[in-house]
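# Coordinate analysis (summary)
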Amino acid sequence: MGNSGGALVDIEGRLLGINTAIFSRSGGNQGIGFAIPANLAREVMRSLRDKGRVVRGYIGTSVQSLTPEIADAMKLKGQLNGALVAEVEPTLRPPKWGSKPAM
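What you are looking at is a predicted structure, and each value in this text was computed from that prediction instead of being measured.

Quick look at the overall build of the chain now. Helix and strand counts for the chain come out as two helices and five strands. Listed by position from the N terminus, the elements making up the chain come as β-β-β-α-β-α-β. Pairs at least 24 apart in sequence give 19% of the contacts found in the chain among residues at least 6 apart. Working note: accessible area of the chain is about 8,700 Å², and carbon and sulfur atoms make up 56% of it.

As structure tokens, then:
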């Protein structure tokens with residue numbers, strides 16, 4: 001009763017992705033399926049084969065939701081939705097960013 005790990009193919013048999021999970025109200029096999037895109041799976045496979053590990057990019061920031069309380073504290077006005085860069089790792093911040101703490 002599962003297809004996790006199985007190939008997700010188009011009508012011509014071309015690989016589109018690798019099935020990973022199904023969101024289902026009943027816990028069965030009917031619902032919304034999720035898959036890892038084939039190009040990402042290919043990159044991971046190559047990295048594991050060539051380097052023995054997968055290295056992901058990291059820009060050195062942490063983000064958090066912009067809550068009404070934070071918006072008030074920062075005196076922000078207007079439409080207030082989105083994310084807030086809460087922290088920038090000082091050792092990873094390139095100088096040409098020109099970024100600096102807001103408070």
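With that settled, consider a nonpolar patch on the surface. A contiguous nonpolar surface patch, about 330 Å² in accessible area, is contributed by Phe23, Ile32 and Phe34. If you trace the backbone, Phe34 turns up in strand β3 (residues 32-37).

In this section: unusual backbone geometry. Of note, the phi angle at Lys75 is positive, near 55°, even though the residue is not glycine. Relative to the helices and strands, Lys75 resides in the loop between α2 (68-73) and β5 (83-88). Since its relative accessible area comes to 67%, Lys75 is described here as exposed.

Thresholds applied
- Residues numbered from 1 in each chain as written.
- Predicted model: local features only at pLDDT ≥ 70, side-chain atom pairs only at ≥ 80, totals over all residues.
- Heavy atoms only, no water.
- Helix = DSSP H or I, 4+ residues; strand = E, 2+ residues; numbered from the N terminus.
- Contact = heavy atoms within 4.5 Å.
- Areas by Shrake-Rupley, 256 points an atom, 1.4 Å probe, with all protein chains shown as cover.
- Patch = residues over 30% accessible without salt bridge, like charges linked within 9 Å, V, L, I, M, F, W, Y side chains within 5 Å.
- Salt bridge = Lys/Arg side-chain N within 4 Å of Asp/Glu carboxyl O.
- Buried < 20%, exposed > 50% of the residue type's maximum accessible area, 1.4 Å probe, protein only.

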